[in-house]
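Residue-level structure breakdown
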Amino acid sequence: MLTYTFFFNKLVDKKTVILHAIMGVIIFYFIFHPLTMVVYWYEFNAEPLTFTSFFNVLNHRIEHSFSYRMLDMSLIFMLMGGITGLIFGLYKLNNKKLNKHIQLLNNDLIKLINQGENQFVELKSSVRYDFRQKITNLDLEVVIAKTIVGFMNAKGGKLIIGVNDDGEILGLEKDFKTLKQQNTDGFEQKIYEIISKYIGKEYCFYCTVYFHQLDKKAICVVVIDEVAEPVYLSKGKDTLFYIRAGNSTKPLTIKEAFHYIKMEKGS
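In this report, we go over the structure that sits alongside the text.

**Concerning the overall build of the protein chain**
A tally of helices and strands in the protein chain yields seven helices and 10 strands. Each of the 267 residues in the protein chain was classed as buried or not, and the buried ones make up 37%. Taking all contacts inside the protein chain whose residues are at least 6 apart in sequence as the whole, residues at least 24 apart take part in 65%. Taken as a whole, the protein chain presents about 17,100 Å² of accessible surface, with 61% of it coming from carbon and sulfur.

**Considering the sheet that holds strand β6 (residues 217-224)**
Pairing is mixed across the open sheet formed by four strands, whose spatial order is β1-β4-β6-β5. Unpaired on one side and paired on the other, β1 (121-124) and β5 (207-214) mark the two borders of the sheet. Mean inter-strand twist for the sheet, computed between neighbouring axes without regard to direction, equals 20 degrees. Relative to strand β4 (residues 157-161), β1 runs parallel, the two sharing four bridges. Note on β4: the bridge partner recorded for Leu123 is Ile160. Helix α6 (residues 184-198) contacts β4, β5 and β6 of the sheet and is inclined by roughly 145 degrees relative to β5.

**Details of the state of the cysteines**
For the structure shown, the criterion picks out zero disulfides. There is no disulfide at Cys204, and the cysteine sulfur nearest it, in Cys207, is 7.1 Å away. The exposure class of Cys207 is buried, given its relative accessible area of 4%.

**What to know about the environment of Thr253**
Position of Thr253 among the secondary structure elements: in the loop between β10 (248-251) and α7 (254-265). Spatially, the C-alpha atom of Thr253 lies 8.4 Å from that of Leu240, the residues being 13 residues apart in sequence.

**Topic: the packing of aromatic side chains**
On inspection of all chains with the given rule, the structure shows eight aromatic pairs. On the numbers, 6.1 Å between centres and 80 degrees between planes, the contact of Phe176 with Phe187 is edge-to-face. Placement of the pair is Phe176 in helix α5 (residues 173-176) and Phe187 in helix α6, with a sequence separation of 11 residues. An angle of 35 degrees between the planes, with centres 6.0 Å apart, marks the rings of Tyr203 and Tyr206 as tilted. For Tyr203, a relative accessible area of 8% translates into the label buried. In textbook terms, an aromatic cluster arises when at least three aromatic residues are bridged by ring pairs, as seen for Phe176, Phe187 and Phe211.

**As for the pairing of strand β9 (residues 242-245)**
Pairing of β9 with β10, which is carried by four bridges, proceeds in the antiparallel orientation. For Arg244, the partnering residue across the bridge sits in β10 and is Thr249. Count of turn residues in the β9/β10 antiparallel hairpin: two residues, of which Gly246 carries a positive phi of about 65 degrees.

**Quick word on the packing of helix α4 (residues 139-153) against α6**
Running from amino to carboxyl end, α4 crosses α6 at an angle of 75 degrees, the nearest separation of the two axes being 10 Å. In terms of their interaxial angle, α4 and α6 are classed as roughly perpendicular. On α6, the residues touching Glu141, Val142, Ala145 and Ile148 of α4 are Lys190, Ile194, Ile195 and Tyr198.

**Some words on helix α2 (residues 51-65)**
Every α-helix carries 3.6 residues per turn, so stepping three or four residues along brings you back to the same face. In this model α2 runs 21 Å from its N-terminal to its C-terminal C-alpha over 15 residues, within 8% of the 21 Å that 1.5 Å per residue would give. Along α2, the residues classified as buried are Ser53, Val57, Leu58, Arg61, His64 and Ser65. When α2 is viewed along its axis, its buried side chains cluster within an angular range of 130 degrees and face the same direction. The exposed set on the far side of α2, more than 90 degrees from its buried face, consists of Phe51, Thr52, Asn56 and Glu63.

**Brief notes about the nonpolar core**
Grouped together as the largest cluster of nonpolar side chains are 31 residues, with contacts concentrated most on Ile148, Ile161, Phe187 and Val222. If you list the elements that add at least two residues to this core, you get α4, β4, α6, β5 and β6. For this core, the element with the most residues is α4, which contributes seven residues. Excluding residues within four positions of it along the chain, Val222 makes contact with Gly157, Lys158, Leu159, Ile161, Ile191, Cys207, Thr208 and Val209. With 10 residues, the next largest nonpolar core counts Leu109, Ile113, Ile169 and Leu214 among its residues.

**A word on a nonpolar patch on the surface**
Taken together, the side chains of Ile18, Leu19, Ile22, Met23, Ile26, Ile27, Phe30, Ile31, Phe32, Leu35, Ile62 and Phe66 present a nonpolar region at the surface, about 1,000 Å² in accessible area. Per-element accounting of the nonpolar patch gives the leading share, 10 residues, to helix α1 (residues 2-44). Mapped onto the fold, Phe32 is located in helix α1.

Definitions and cut-offs
Residues numbered from 1 in each chain as written. Predicted model: local features only at pLDDT ≥ 70, side-chain atom pairs only at ≥ 80, totals over all residues. Heavy atoms only, no water. Helix = DSSP H or I, 4+ residues; strand = E, 2+ residues; numbered from the N terminus. Buried < 20%, exposed > 50% of the residue type's maximum accessible area, 1.4 Å probe, protein only. Contact = heavy atoms within 4.5 Å. Areas by Shrake-Rupley, 256 points an atom, 1.4 Å probe, with all protein chains shown as cover. Pairing = 2+ DSSP bridges. Axes fitted to C-alpha atoms, helices over the stretch in contact; angles between N-to-C directions. Disulfide = S-S within 2.5 Å. Phe/Tyr/Trp six-rings, centres within 6.5 Å; stacked < 30°, edge-to-face > 60°. Parallel < 35°, antiparallel > 145°, perpendicular 65-115°, else oblique. Expected span 1.5 Å × (residues − 1). Arc of directions from axis to C-beta. Core = buried A, V, L, I, M, F, W, Y, C linked by side-chain atoms within 4.5 Å. Patch = residues over 30% accessible without salt bridge, like charges linked within 9 Å, V, L, I, M, F, W, Y side chains within 5 Å. Salt bridge = Lys/Arg side-chain N within 4 Å of Asp/Glu carboxyl O.

Written out as structure tokens, the structure is:
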């Protein structure tokens, strides 16, 4: 069944491209070719352009365009039309595949959100905007950093921002308004600033930031890789160690951290 579906999709893809190429040939041969001949005629003749003269010239040029004497020119226009149609067909096909890929990613993301928080998924409403106090709260940045450290010290995971604990899609608009650059680029920069400030610049390479549209709202997904060495959070003079345990991020004491690192990190 899978093989049949694969070959069917390939056949549909080829059909789409071929149909666009044929349409290109038809349009260039039957429309652009005669119109070009009309333009050339007016360019090389001093007759003024009027409504009546245009249709007289068009009628004459159409007959001339499709005559045997214009075979070479006709072939050139057909070739141009075929190439143009082929390009549009490939563009449409690639655009269709891209939209389908985005839809699949969104469906997977919705499933993750519906499953709720677990060892590999954390949901956060925002990075800086406090929905309870309705103000900018920079302490929330530390919470984001803790979550990232916890995933790095465990098996990695996904931090989904713009979704509350109940799975409600809140979006990033409130967060955008707290940034100098109020868009996804500014938001991504802020994520990496948080990592650099509280964890270390070198750990930015272990995180990849993506953006998706759900319910017409932008949300952010930070994919966090596991790090082989212990990762710490620095806050002022304090150096803290966190791990991801179940559906939450937990701090460890020095003794607990030493024992965990010895068991999990092979130190």
